[in-house]
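The primary structure of each chain is shown beneath.
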Amino acid sequence: MPEIQKSAVNRVVIDNDDAGQRLDNYLVRVCKGVPKSHVYRILRSGEVRVNSGRVDAAYRLQAGDTVRIPPIRLAEKPPATATAEAGMLRADLPVVYEDDTFLAINKPAGIAVHGGSGLSFGVIEALRRQRPQARFLELAHRLDRETSGLLLIGKKRSALTALHDLFRHHRADKRYLALAKGRIEKPVTHVQAALHKYLTEEGERRVSVHDDGKASHSIFRLVARWQSASLVEAQIKTGRTHQIRVHLDHLGHPILGDEKYGDFALNKALAKEGLKRMFLHAWRLTFPHPLTGERISLEAPLPDDLHAYLGRLSAREQQDYGEAI
């Protein structure tokens, strides 16, 4: 990765490892500590040039391109949430699997996968700081900040492209564990409800079930149930934004602790009982190796806080109702 001098004009020649990236994503990656808003401002103003000409932010870089990067400013002091998040990432992220082409981590809850939306620090930024010798580290897919669990990162452009294709063509089997409100009776429930993305008046991204939305398919398998809650394994056949969360809410069983689609009054009570986050965890991921085709099966067990909450839930309901069934 090139060293960018923030107080001077830089001219960087793109090599094979960086070829194929969008220009905006490349700049965000190499301009460490620079707000995304500033990166896009210098793109819009034409201060960034490729081969001496203006190009769109979506331009795909090619090997041999010369990119002119103007003097840039560092981010202002981050807000308290960003500082707290950065503090959580000081320790090395737990690696579940790694080879020469990609790695898998067990992402903690409460951490964004990428800086943005007022946060300059996320999982990918943390990995790049922890591995300054790594020439290439890019997200193969995403998890919501509130969701914990398995996350794949490409270490080579060829592996990243192959992983993207796996997810795009639904050749990766992703399984999540979610604790939903109420008692789900059916052992297996298929939800095929179209999902539509929109922005709230405050500019926050939301998703709703709507006939005009994109086709979406989730499968929920009952793992355990109590009188007040049900633990399900969620398998997503399509990869829509907030799919599991919205489909469970559509069934009338929102995820406990979900601050966007959940039961807000119940969430406050649950926080006092020790459930201070959304109960959604990406626990299993099975897919062919992006380069060799070998079957890879990865697992990340429930985090201690979620496991402990299930213990408290079982104890409480056994006292109130008898054993869970």
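Look up: the structure comes first, before these words.
Cut-offs applied
Residues numbered from 1 in each chain as written. Predicted model: local features only at pLDDT ≥ 70, side-chain atom pairs only at ≥ 80, totals over all residues. Heavy atoms only, no water. Helix = DSSP H or I, 4+ residues; strand = E, 2+ residues; numbered from the N terminus. Buried < 20%, exposed > 50% of the residue type's maximum accessible area, 1.4 Å probe, protein only. Contact = heavy atoms within 4.5 Å. 1 Å grid on protein atoms, 1.4 Å probe; cavity = no way out; pocket = protein on both sides within 12 Å on 5 of 7 lines; lining within 4 Å. Points joined across faces, edges and corners; volume = space filled by probe spheres on them. Salt bridge = Lys/Arg side-chain N within 4 Å of Asp/Glu carboxyl O. Core = buried A, V, L, I, M, F, W, Y, C linked by side-chain atoms within 4.5 Å. Patch = residues over 30% accessible without salt bridge, like charges linked within 9 Å, V, L, I, M, F, W, Y side chains within 5 Å. Areas by Shrake-Rupley, 256 points an atom, 1.4 Å probe, with all protein chains shown as cover. Lys, Arg positive; Asp, Glu negative; His and termini not counted. Charge placed at Lys NZ, Arg CZ, Asp CG, Glu CD. Pairing = 2+ DSSP bridges.

In terms of helices and strands, the chain carries eight helices and 15 strands. Counting all 325 residues of the chain, 48% fall into the buried class. Here the contacts in the chain between residues at least 6 apart in sequence split such that 65% fall between residues at least 24 apart.

If a probe as big as a water molecule is rolled over the atoms, it shows which places are left empty. If you walk through the whole model with that rule in mind, you get one cavity of 30 Å³ or more. Each pocket or cavity is described by its volume, and for the largest cavity that value is around 30 Å³. Residue lining of the largest cavity: His141, Leu143, Leu150, Lys174, Tyr176, Ala282, Arg284 and Leu285, and that is the complete set. Looking at the lining of the largest cavity, the elements that each hand over two or more residues are β8 (173-181) and β14 (280-288). The element that contributes the greatest number of residues to the lining of the largest cavity is β14, accounting for three residues.

So, about the pattern of salt bridges. In this structure the tally under the stated criterion is 21 salt bridges. Its salt-bridge partner being arginine 245, residue aspartate 144 comes within 2.9 Å of it at the nearest N-O pair. With aspartate 144 in the loop between β6 (138-139) and β7 (148-154) and arginine 245 in helix α6 (residues 243-250), this residue pair connects regions lying 101 residues apart in the sequence. The same class applies to aspartate 144 and to arginine 245, which are both buried. Close ionic contact of glutamate 146 with arginine 245 constitutes a salt bridge, the shortest N to O distance being 3.8 Å. Here the residue glutamate 146 occupies a position in the loop between β6 and β7, and arginine 245 occupies one in helix α6, the gap between them amounting to 99 residues.

Core analysis: the largest hydrophobic core is formed by 45 residues, its most contacted members being Ile153, Leu179, Ile244 and Phe279. Broken down by secondary-structure element, the contributors of at least two residues to this core are β5 (102-107), α4 (123-130), β7, β8, β13 (229-236), α6, β14 and α8 (304-320). Setting aside residues up to four positions removed in sequence, leucine 179 forms contacts with Trp226, Ala229, Ser230, Leu231, Pro254, Ile255, Leu256, Phe279, Tyr309, Leu310 and Leu313. Counting 19 residues, the second-largest nonpolar core is a separate cluster that includes Leu23, Val30, Ala57 and Ile69.

Moving on to a positive patch on the surface. A contiguous patch of positive charge on the surface is contributed by Lys36, Arg142, Lys197, Arg205, Lys214 and Arg240. Within the secondary structure, lysine 36 is located in helix α2 (residues 36-44). Among the residues examined, lysine 36 registers a relative accessible area of 34% and is labelled partly exposed.

Turning our eyes to something else, we now look at the sheet that holds strand β1 (residues 10-13). Pairing in this open sheet of three strands is antiparallel, and the strands run β1-β3-β2 from one edge to the other. Looking at the sheet topology across the chains shown, the edges are occupied by β1 and β2 (49-50). Here β1 runs beside strand β3 (residues 66-69); their pairing, made up of four bridges, is antiparallel. Looking at β3, one finds that arginine 11 is bridged to arginine 68.

Time to look at the pairing of β3. When a strand is regular, its side chains alternate between the sheet's two faces. Where burial is concerned, the two faces of β3 differ: the one with Val67 and Ile69 is buried and the one with Thr66 and Arg68 is not. One ladder, built from two bridges, connects β2 with β3; its direction is antiparallel. Directly across from arginine 49, in β3, lies its bridge partner arginine 68.

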